[in-house]
Amino acid sequence: MFKSSSLQSRNCANFFFSAMAATAVFKANNGFGVTMINEGCHPMKHRIARYYSNLSTQHLMQRSFGSCNKAYTGLLASKRKVTHPRFILKCTAEVADLKLLNNAPVEEEKVAGEELSRSTLIWRAAKLPMYTVALIPVLVGSAAAYEQSGQFSFWRFLVSLASFVIINVWVNLSNDVYDFDTGADKDKKESVVNLFGSRELINTIAWSLLVIGFSGISCVAAAAASGRSIILAAFSVFCFFLYQCPPFRLSYFGVGEPLLMLAYGPLSTIAFYLLQSRTSELPISGTVVWPSLLIGFTTALILFCSHFHQISGDRAVGKMSPLVRLGTDKGSKVVKFGVVGLYSLVLTLGFLQALPFPSVILGFMTLPVANLVVGFVEENHKDKSKIFMSKYLCVRLHTVFGAALAAGLVITRMLAPAAAKLVL
């Protein structure tokens, strides 16, 4: 039975503000956003650009030398004790010119003392923006439950979210452990194993976190009296296991994308939908199934784009990711057709009334972010120094798109009484 109208309104407000807060937080410029990309990724055409910094200051200076038929950007650090930095830069430019004329690949210059700080490497290893893949299934599943029943438990939402984030920490840590075993992360400085130097310790922590995270979800499932939710959550974790853990390691066979689409899409989202059940378990309907498929697709897009700058490393250890098989040119076309297909499916579901109209409208309002993803990949798919940013753009698309679907589901429930009066 439903709660009183005042309690429903309070629950509605709580959930709506949760959805909006998530959107606001992850749209903020966190160092991986559009501003950072615009500032750092404008190529200098027909010019050799040199960037160098005095190690005693925090400011960068830029100087260009000569012209060339090919674009090239280098990085050079100069110390105060060097009395003729211009001479050094000039010589470096001439060497670069020689490499270009011989059609040899030009590598980024590295000078002793230029290494990234440990705090920066730890920040990269933490992969905080990636944890939106844990937020969005919980958000959309809970929103679908509210749209279906008008009920929302904020404490179940928080416990489910915290538990799924912990499970995702297990996913990331164990992935670093097993990639360390195969040699895929041999030169990856931000690998957690390389940073802390203890493979066994990281592995023990990872599996302990899995137990803690799954226990949290189990407690919420017991409170909701939902046996199906715990089964779906278990299958989701099993997909993660198949994806990266021995003896399977299916990601090495190029099937990581469909596995994670299934795990983060229908399995996780429907599980969190069922965890909002009260007196009886909620029915599984198109209200939650279709949105779960859509966010599963955007999750798979993040993984797909994360391979662009890792092709040579993946090939070296026998990891046959989709981009190892396709190459970057075809891969950029896959991204374009995938994004077009995503919004075409949203439009189709809207016409069929399988997706609430507010979700369709808000979903299409994320098109500028999707266009940014497609344009960035098309322009930079051959540039390893830039294309790694595409996965963070996909994270942004995944976040705003998922939040839009969730907000649309909440608004649909809010407008239901008014729509019923109009029909009468």
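Our subject is the structure listed above.
This section reports on the structure supplied with the text.

The rules behind each value
- Residues numbered from 1 in each chain as written.
- Predicted model: local features only at pLDDT ≥ 70, side-chain atom pairs only at ≥ 80, totals over all residues.
- Heavy atoms only, no water.
- Helix = DSSP H or I, 4+ residues; strand = E, 2+ residues; numbered from the N terminus.
- Expected span 1.5 Å × (residues − 1).
- Contact = heavy atoms within 4.5 Å.
- Phe/Tyr/Trp six-rings, centres within 6.5 Å; stacked < 30°, edge-to-face > 60°.
- Buried < 20%, exposed > 50% of the residue type's maximum accessible area, 1.4 Å probe, protein only.

Quick notes on the environment of Phe376
Step number 1: With respect to the helices and strands, the residue Phe376 is situated in helix α16 (residues 367-380).
Step number 2: Residues Phe376 and Ser390, spaced 14 residues apart in sequence, show a C-alpha to C-alpha distance of 6.9 Å.

Focus on helix α9 (residues 227-244)
Step number 1: Here α9 is 18 residues long and its end C-alpha atoms lie 27 Å apart, about the 26 Å a rise of 1.5 Å per residue gives.
Step number 2: Contacts made by the buried residues of α9 are with α6 (154-182), α8 (199-224), α10 (256-274) and α11 (286-305).

Quick look at the packing of aromatic side chains
Aromatic ring pairs are defined here through the distance separating the ring centres and the angle between the ring planes.
Step number 1: Counting across every chain of the model gives 13 aromatic pairs.
Step number 2: Ring geometry for Phe164 versus Phe272: centroids 5.1 Å apart, planes at 65°, classification edge-to-face. With Phe164 in helix α6 and Phe272 in helix α10, the pair connects residues that are 108 residues apart, well separated along the chain. Here Phe164 matches Phe272 in class, with each residue buried.
Step number 3: Through a chain of ring-to-ring contacts, three or more aromatic side chains come together here, namely Trp170, Trp207, Phe238, Phe241 and Phe248.

Comments concerning the environment of Leu405
Step number 1: As for its position among the elements, Leu405 is in helix α18 (residues 390-423).
Step number 2: Judged by relative accessible area, which is 1%, Leu405 ranks as buried.
Step number 3: On a C-alpha basis, the gap between Leu405 and Ser359 in space is 4.7 Å, while along the polypeptide they are 46 residues apart.

Topic: unusual backbone geometry
Step number 1: Residues Pro246 and Pro247 are joined by a peptide bond in cis, for which omega reads 10°.
Step number 2: Residue position: Pro247 is located in the loop between α9 and α10.
Step number 3: Non-glycine residue Arg249 carries a positive phi angle of around 50°.
Step number 4: Within the secondary structure, Arg249 is located in the loop between α9 and α10.

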